[in-house]
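An overview of the molecular structure
Now for the letters of each chain:
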Amino acid sequence: MELFTGYTFFSALVLLSIPAIILGIKEKNIKYYGFFVTLVFVFLALMKSPKAIMYLVIFCLFEYFIIREYLRIYKAKGRNAKTYYIFVFLSLLPLMLNKFLPVLPGHLKIFAFLGISYMTFKGTQIIIEIYDGLIEDVKLFDFAYLFLFFPTITSGPIDRSRRFEEDLKRRISKEEYLDNLGTAIFRILLGAMYKTVFAALFYQAMLRLERTSDILELIGYMYVYGFYMFFDFAGYSHMAVGAGMIFGIQLPENFNKPFVSKDLKEFWDRWHISLSHWFRDFIFTRIVMKMTEKKCPKKKLNRASLAFLINMSVMGIWHGTDLNYIVYGVYHGVLLAITEIYEKKSKFHKKNKKKKWYHAIQWFVTFNVVMFGFLIFSGKLI
Amino acid sequence: MEEKILSILEELCGDEVVREDLDIDLLEEGLLDSLDYSELLVDIKSELDVVISPSEVTREEMNTPRKIIDKVKSKLQ
């Protein structure tokens, strides 16, 4: 069974939601039941591959172990940058082995289970926030529930431990729960419509345009693929957020009208938000801060450009080690840097940035730059 | 302390309005982007010796001069 598609999953979701809804209306804590449902779904999703289950268990135990270990060392010896970097590296190690071993000689495939890319964020976030002094304890139950929570396990939205734990503790009144339930059902249906109607429609068009070598048709494919990506992923995200709400968890949002963006920076505030904000908070901001403290590079704009480039290249590699993903990341990094330089330097921009006609041009350029990015991502070009 | 934060903000945002209106939404007005925010954290650390880490609070909890001042105040106590 696959999560969030097919008759079996949705029947199971409806059935298993009933006790959660009863608990929610009675103002009882849903977390233990929710964890049980999560285990059921994870098992159903992975049962065809015992190997994947094994890797998942090893991965979670490993991450939990290094987090506990880092907590212990942090409490005993305090803030130490070297230990910190080692543990960040360790938290990323399973994902790196999973991504890099297959492209190295030997083509070893390990830690192959759906969701490792998304789960790794959570482990690394916890290590970083222990170092920052924001996390003082990690409980096994909260950890396991955060890592496995079924709405997010395969593809996000990427949640954060402190936020998730707040939700686990929070008491929701009957009125609020019923209100959330209404929203949840609406969002699951909306997401299903995004996927089954719109994404499916664009997918059909993609199949028709896929084998073309005609340049006009390739341009057509670019737009169709872009919209397919949006409806498929935004549809999934609606459903995941909706399912989370039924179980008392208010997941972060992933999309906010990405195609109205007027520049690329705005686009990354609207597209796959839980991912881009993770990168912003744990990579971009930290690189900029380090460079600002060291005053290297000297100019603010150079620091910004370099940070954009590193940040987005890492994001590209995170998507996969294939060339198209890496180029996609670098493409966005370079263009974000250009956007930054242009907006800070151009007198033309400063003079016109409040004018309507200028917004229209900005929107048009951004939209097409973004769509071309998707074409790179699709692998049709390289 | 307030004065220091306001002058940091004025410098970063390049606009005096941050002094006049303490409740202005710095994000919505496009006065403080991710880049400025990073520098804000560095400046608060170097000038006031208060460390706020990038993921400590959401951007929405730091979107007005008043909220930023209150956050620094709460960390000083």
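How each quantity is defined
Residues numbered from 1 in each chain as written. Chains lettered and ligands numbered in written order. Predicted model: local features only at pLDDT ≥ 70, side-chain atom pairs only at ≥ 80, totals over all residues. Heavy atoms only, no water. Phe/Tyr/Trp six-rings, centres within 6.5 Å; stacked < 30°, edge-to-face > 60°. Helix = DSSP H or I, 4+ residues; strand = E, 2+ residues; numbered from the N terminus. Buried < 20%, exposed > 50% of the residue type's maximum accessible area, 1.4 Å probe, protein only. Lys NZ or Arg CZ within 6 Å of the ring centre and 35° of its normal. Domains from an automatic or database assignment. Contact = heavy atoms within 4.5 Å. Buried area = accessible area lost by both parts, 1.4 Å probe. Salt bridge = Lys/Arg side-chain N within 4 Å of Asp/Glu carboxyl O. Polar contact = N/O pair within 3.5 Å; in protein donor to acceptor, adjacent residues only side chain to side chain. Nonpolar A, V, L, I, M, F, W, Y, C, P; charged D, E, K, R; others polar. UniProt positions renumbered as here; feature names shortened; annotations may be inferred. Patch = residues over 30% accessible without salt bridge, like charges linked within 9 Å, V, L, I, M, F, W, Y side chains within 5 Å. Areas by Shrake-Rupley, 256 points an atom, 1.4 Å probe, with all protein chains shown as cover. Lys, Arg positive; Asp, Glu negative; His and termini not counted. Charge placed at Lys NZ, Arg CZ, Asp CG, Glu CD.

1. Re the packing of aromatic side chains
Residue and element names in this part refer to chain A. Counted under the stated rule, the structure contains 64 aromatic pairs over all chains. With a centroid separation of 5.1 Å and 45 degrees between ring planes, the pair formed by Tyr-32 and Phe-141 is classed as tilted. Of this pair, Tyr-32 sits in helix α2 (residues 31-46) while Phe-141 is found in helix α6 (residues 140-148), placing the two residues 109 residues apart along the sequence. When the centroid spacing of 6.1 Å and the interplanar angle of 50 degrees are considered together, the rings of Tyr-194 and Phe-230 count as tilted. Residue Tyr-194 is located in helix α8 (residues 174-209), and its partner Phe-230 is located in helix α9 (residues 215-246); the two are separated by 36 residues in the primary sequence. When sorted by exposure, Tyr-194 lands in the same class as Phe-230, which is buried. The aromatic ring of Tyr-131 is capped on one face by Arg-79, whose charged end is 4.1 Å from the ring centroid. Here the guanidinium or amino end of Lys-380 rests over the ring plane of Tyr-221, the centre of that ring lying 5.0 Å away.

2. Focus: the domain arrangement of chain A
Residues and elements named next belong to chain A. The assigned domain composition of chain A is domain 1 (30-169), domain 2 (180-246) and domain 3 (258-378). One C-alpha centre belongs to domain 2, the other to domain 3; they are set 24 Å apart. Contacts between the two partners involve 10 residues from domain 2, matched on the other side by 12 residues from domain 3. With both chains or domains summed, domain 2 and domain 3 bury close to 1,100 Å², and 87% of this area falls on carbon and sulfur atoms. In this assembly, domain 2 and domain 3 are joined by zero salt bridges.

3. Let's talk about the interface of chain B and chain A
Interface size, as often reported, equals the accessible area lost upon joining of the parts. Counting residues at the interface gives 15 residues for chain B and 21 residues for chain A. In terms of surface lost to chain A, no three residues of chain B exceed Leu35(B), Pro54(B) and Ser55(B), which account for 35% of the buried area on that side. Applying the counting criterion to the chain B and chain A interface returns seven salt bridges. Of the charged contacts in the structure, one is a salt bridge between Asp281(A) and Arg59(B), with a shortest N-O distance of 3.4 Å. Counting across the chain B and chain A interface gives nine residue pairs in polar contact (both at pLDDT 80 or more). The greatest single-element share of the side of chain B that touches chain A, amounting to eight residues, is contributed by helix α3 (residues 34-48) of chain B. Partitioned by chemical class, the residues of the side of chain B that touches chain A number five nonpolar, four polar and six charged.

4. Observations concerning the UniProt feature "modified residue: O-(pantetheine 4'-phosphoryl)serine" (unreviewed entry) in chain B
The positions that UniProt labels "modified residue: O-(pantetheine 4'-phosphoryl)serine" (unreviewed entry) are, in the present scheme, Ser34(B). If we skip the residues at most four places from it in the chain, Ser34(B) touches Arg280(A), Phe284(A) and Arg59(B).

5. A word on a positive patch on the surface
Together, Lys299(A), Lys345(A), Lys347(A), Lys350(A), Lys353(A) and Lys354(A) give the surface a local cluster of positive charge. Structurally, the position occupied by Lys299(A) is in the loop between α11 (273-294) and α12 (300-319).

6. Concerning the UniProt feature "transmembrane region" (unreviewed entry) in chain A
All names here are of chain A. Following the UniProt record, the feature "transmembrane region" (unreviewed entry) maps to residues 6-25, 32-47, 53-71, 83-104, 184-203, 224-251, 325-342 and 363-381 here. When the span residues 6-25 is considered, its composition is 100% helix and 0% strand, and the gap between its end C-alpha atoms is 28 Å. The span residues 83-104 shows a helical share of 82% and a strand share of 0%, and its end C-alpha atoms are spaced 28 Å apart.

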